[in-house]
Amino acid sequence: MTDSASRDSGTAASPPPVPSTGRDTAVDFVKAACLLVVVGLHAMMAGFTVGAEGLTITNALDGHPIFAWSTWAVQVMPLFFLLGGFSSLTQWRRLRGAGVSASDYVRMRITRLVRPAVLLFALVGLTLAILALTGLPADILREVGFRIGQPLWFLAVYIGCAGLVPWMTALHERAPRLTLAALLLAAVAVDSVVAATGLELLGALNLFFVWVLIQQLGFAYADGIIGVLPRWALFVLAVAAFALLLFLTTVFGYDTDMYENLNPPTVCILVLGVGQLMLFATAHPWLRALADRPRVARVGLWVNANSMTIYLWHVPVIVLVVLVMLISNLPFPEPLSLEWWQTRPLFLAAIAVALVPIVMLVRQFDRSRHDDREVTMSPLLAATKVLLGVAGVTVILLVGFSPAAGAALGVLLLALAVQLRGRRRKVVEPVGEPGGEPEPAAAPAPGDDPATPPQKP
């Protein structure tokens with residue numbers, strides 16, 4: 001392993017190792033598990049009741065005595081971003097080695113992230129408009145549109161992080177520890193200024209500093225900077241991270257609920273991510289053994305290959321299931337009541353049954369528009385593409401799926417349209433999960449080395 005401290009200080013170092021470009025089945029498995037946790041948690045949080053005033057939508061878990069503390073376990077977005085950083089780094093290095101430019105990489109990644117959202121924006125906006133014409137109360141439709149739009153913060157942030165991968169990789173390869181330290185200081189500074197001035201809007205800066213820092217930690221893990229420690233030391237660091245999190249929430253006044261620390265992210269999200277990463281690194285051998293089981297591998301591969309579609313469509317599917325329940329005159333138990341808990345397994349099963357075929361249909365639409373034309377892109381156009389993607393999603397976050405969703409859809413379509421034909425050799429756009437790994441042809445056979453990059457036929 002290269003002595004990164006020597007690189008940071010500019011002194012001579014031993015010859016660097018071959019950069020990490022391989023898959024890690026434990027990473028794929030945990031990313032898939034994180035996504036399923038997110039879907040399940042959003043389903044549990046969906047509180048729908050029907051009373052004299054009609055349908056009411058609430059957060060069913062809000063106010064539950066143990067929910068805030070449980071978020072330390074179920075708030076898995078930091079870990080997902082960390083492992084996404086691992087996947088993005090290894091994919092970019094493979095494509096870079098094949099001659100793909102940074103701008104073309106950004107074009108491919110942003111197209112893969114934005115294209116599924118275009119269909120979502122169009123269909124959800126159209127559906128809500130039709131429901132409005134049927135006489136459904138406007139306040140209910142606004143609430144539904146807002147709830148569907150809420151999880152899209154992830155897409156906006158992920159587009160921004162994906163657009164920075166080639167340049168953050170360069171910083172990582174030149175000065176990994178210095179890059180991490182600079183981002184950490186910036187994140188702490190933002191929280192400190194917000195605490196001192198009360199200007200909460202400034203906290204939005206940590207949408208950049210915190211999530212890019214978490215992505216960089218994924219880079220560090222991919223290159224073994226963290227994995228060189230013995231497992232007992234990794235576990236001790238995990239315990240230390242959660243102890244620091246306890247200190248921050250009980251002494252420094254941060255909220256115990258990690259969802260309250262999410263948007264904008266605070267340093268608590270960063271500390272939580274470090275703890276999760278250390279636990280993942282500690283359990284890596286066992287996770288890899290589990291992930292290499294053929295049945296587990298097949299499920300994990302399917303979830304990862306469809307992860308962006310699953311994430312984008314799971315909330316609309318929850319709304320669809322609730323709509324079927326309304327039409328069928330099924331009961332809506334009071335959230336957190338005994339009957340509500342008893343019906344949750346069936347509710348979750350109904351969401352899964354509805355989600356799988358919808359994901360497959362959307363996937364077919366997406367694949368039918370797979371684009372491997374010969375293109376090239378200037379850095380300016382690549383940056384424009386990223387900014388348009390972020391802007392389109394941000395509109396929905398601010399106004400929900402209201403009539404303004406049409407403007408958001410237009411911005412996303414413009415983001416897809418921004419590209420320039422050229423004479424570069426054909427670059428095949430990678431198909432896979434938003435973490436950046438190309439979709440493998442088949443599950444690894446027992447005994448295969450999952451760290452070995454897939455070979456071209």
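In this numbering scheme, every chain counts its residues from 1 along its sequence in written order. Only residues with pLDDT of at least 70 get local features here, since the model is predicted, and only at 80 or more are side-chain atom pairs given and counted; chain-wide, interface and lining totals rely on the full set of residues. Just so you know, side-chain values use all the structure's heavy atoms and leave hydrogens and water out.

## Digging into the overall build of the chain
Keep this limit in mind: A run of H or I in DSSP becomes a helix once it reaches four residues, and a run of E becomes a strand once it reaches two; helices and strands are each numbered from the N terminus. Burial classes follow relative accessibility: with a 1.4 Å probe on protein chains only, a residue under 20% of its type's maximum area counts as buried, one over 50% as exposed, and anything between as partly exposed. When checking whether two residues touch, look at their non-hydrogen atoms; a contact exists if any pair is within 4.5 Å.
Along the chain, the regular secondary structure elements total 16 helices and four strands. When the 457 residues of the chain are sorted by exposure, 50% land in the buried category. Excluding contacts between residues fewer than 6 apart, the proportion of contacts in the chain whose partners are at least 24 apart in sequence is 82%.

## What about unusual backbone geometry?
Glycine aside, a negative phi is what most residues show, and trans is what most peptide bonds show. For the bond from Asn263 to Pro264, the omega torsion is 0°, close enough to zero to count as cis. Along the chain, the position of Pro264 falls in the loop between α10 (231–250) and α11 (267–291). Its identity as a non-glycine residue notwithstanding, Asn329 has a phi of 60°, on the positive side. In this structure, Leu336 is a non-glycine residue whose phi angle is positive, near 75°. Mapping Leu336 onto the fold places it in the loop between α13 (307–327) and α14 (338–368). We classify Leu336 as partly exposed; its relative accessible area is 29%.

## Describing helix α5 (residues 102–133)
To keep it simple, the criterion reads: Multiplying 1.5 Å by the residue count of a helix minus one yields the expected span of that helix.
In this model α5 runs 47 Å from its N-terminal to its C-terminal C-alpha over 32 residues, within 8% of the 46 Å that 1.5 Å per residue would give. Backbone geometry just downstream of α5 places Gly135 in the positive-phi region, at approximately 100°.

## Comments concerning the packing of aromatic side chains
Inclusion rule: The criterion for an aromatic pair is that two Phe, Tyr or Trp rings (for Trp, the six-membered ring) have centres within 6.5 Å, with stacked assigned to planes under 30 degrees apart, edge-to-face to planes over 60 apart and tilted to the rest.
Tallying each qualifying case throughout the model produces 17 aromatic pairs. The interplanar angle of 65° and the centroid separation of 5.5 Å between the aromatic rings of Tyr221 and Phe280 together place this pair among those described as edge-to-face. Of the two residues, Tyr221 is situated in helix α9 (residues 206–222) and Phe280 in helix α11; the sequence distance between them amounts to 59 residues. Comparing Tyr221 with Phe280, the two get one shared label, buried. By the ring-pair criterion, three or more aromatic residues cluster together here, those being Phe80, Phe81, Trp153, Phe154, Tyr158, Trp211 and Tyr311.

## Brief notes about the pattern of salt bridges
For the record, the criterion: Put simply, a salt bridge is a Lys or Arg side-chain nitrogen that is within 4 Å of an Asp or Glu carboxyl oxygen.
Evaluation of the coordinates by the stated rule reveals three salt bridges. Between Arg93 and Glu173 there is a salt bridge; the shortest N-O distance is 3.1 Å. Here the residue Arg93 occupies a position in helix α4 (residues 77–97), and Glu173 occupies one in helix α7 (residues 153–174), the gap between them amounting to 80 residues. Judged by its relative accessible area of 6%, Arg93 falls in the buried class. The class for Glu173 is partly exposed, based on a relative accessible area of 25%. The partner of Glu173 in a salt bridge is Arg96, with the nearest N and O atoms 3.0 Å apart. Here Arg96 lies in helix α4 and Glu173 lies in helix α7, a separation of 77 residues in the sequence.

## Re empty space enclosed by the protein
Condition: Every definition here rests on a 1 Å grid over the protein atoms only: cavities are sets of points where a 1.4 Å probe fits but cannot get out, pockets are open sets enclosed by protein on both sides within 12 Å along at least five of seven lines, and lining residues have some atom within 4 Å of a point. Grid points are joined across faces, edges and corners, and a volume is the space filled by probe spheres set on the points. Under the scheme applied here, ten amino acids are nonpolar (Ala, Val, Leu, Ile, Met, Phe, Trp, Tyr, Cys and Pro), four are charged (Asp, Glu, Lys and Arg), and all others, including Gly, are polar.
Scanning all chains against the criterion turns up three cavities of 30 Å³ or more. Taken as a whole, the second largest cavity holds about 70 Å³ of empty space. As for the second largest cavity, its lining consists of Ala46, Phe48, Val322, Met325, Phe332, Pro333, Trp340, Arg344 and Phe347. Breaking the lining of the second largest cavity down by element, the ones donating at least two residues are β1 (46–51), α13 and α14. In terms of residues, the lining of the second largest cavity owes the most to one element, α14, which gives three residues. Tallied by class, residues from the lining of the second largest cavity come to eight nonpolar, no polar and one charged.

## Here's the deal with the packing of helix α15 (residues 379–399) against helix α16 (residues 405–417)
The condition is simple: Orientation is described by axes fitted as lines to C-alpha atoms, over the contacting stretch for helices, and by angles from 0 to 180 degrees between their N-to-C directions. Working rule for angles: under 35 degrees goes down as roughly parallel, over 145 as roughly antiparallel, 65 to 115 as roughly perpendicular, anything else as oblique. Each crossing is labelled by how the near helix is turned from the far one, with a counterclockwise turn of less than a right angle marking it left-handed and a clockwise turn marking it right-handed.
For the pair α15 and α16, interaxial distance at closest approach is 8 Å and the crossing angle is 165°. With respect to α16, the element α15 is oriented roughly antiparallel. When you trace α15 past α16, the crossing you get is left-handed. Taking contact as the criterion, the partners of Lys385, Leu388, Gly389, Ala391, Gly392, Val393, Val395 and Ile396 in α15 are, on α16, Ala405, Ala408, Val411, Leu412, Leu414, Ala415 and Leu416. Each residue belonging to the contact of α15 with α16 can be placed in one class, and the counts come to twelve nonpolar, two polar and one charged.

## Quick notes on the packing of α5 against α16
At a minimum axis distance of 9 Å, the contact between α5 and α16 shows a crossing angle of 150°. The angle between α5 and α16 places the two elements in the roughly antiparallel class. Crossing hand, α5 versus α16: left-handed. The residues of α16 that touch α5, namely those facing Thr111, Val114, Arg115, Ala117, Val118, Phe121 and Ala122, are Ala408, Leu409, Leu412, Leu413 and Leu416. Taken together, the residues that form the contact of α5 with α16 break down as ten nonpolar, one polar and one charged.

## Notes on helix α6 (residues 138–149)
Heads up, the condition is: Here the arc refers to the set of directions running from the helix axis out to each C-beta atom.
Relative to the 16 Å expected for twelve residues at 1.5 Å per residue, α6 spans 16 Å between its end C-alpha atoms, a close match to the ideal helical length. Buried within α6 are the following residues: Ile140, Leu141, Val144, Gly145, Ile148 and Gly149. All buried residues of α6 lie within an arc of 165° about the axis, which places them on one face of the element.

## Considering the confidence of the model for the chain
Cut-off, in case you're wondering: A score from 0 to 100, pLDDT tells how confident the predictor is in each residue.
Mean pLDDT for the chain: 82, with 83% of residues reaching 70 or above. Counted against residues more than four places away or in other chains, residues 420–457, with its pLDDT under 50, gives 108 contacts.

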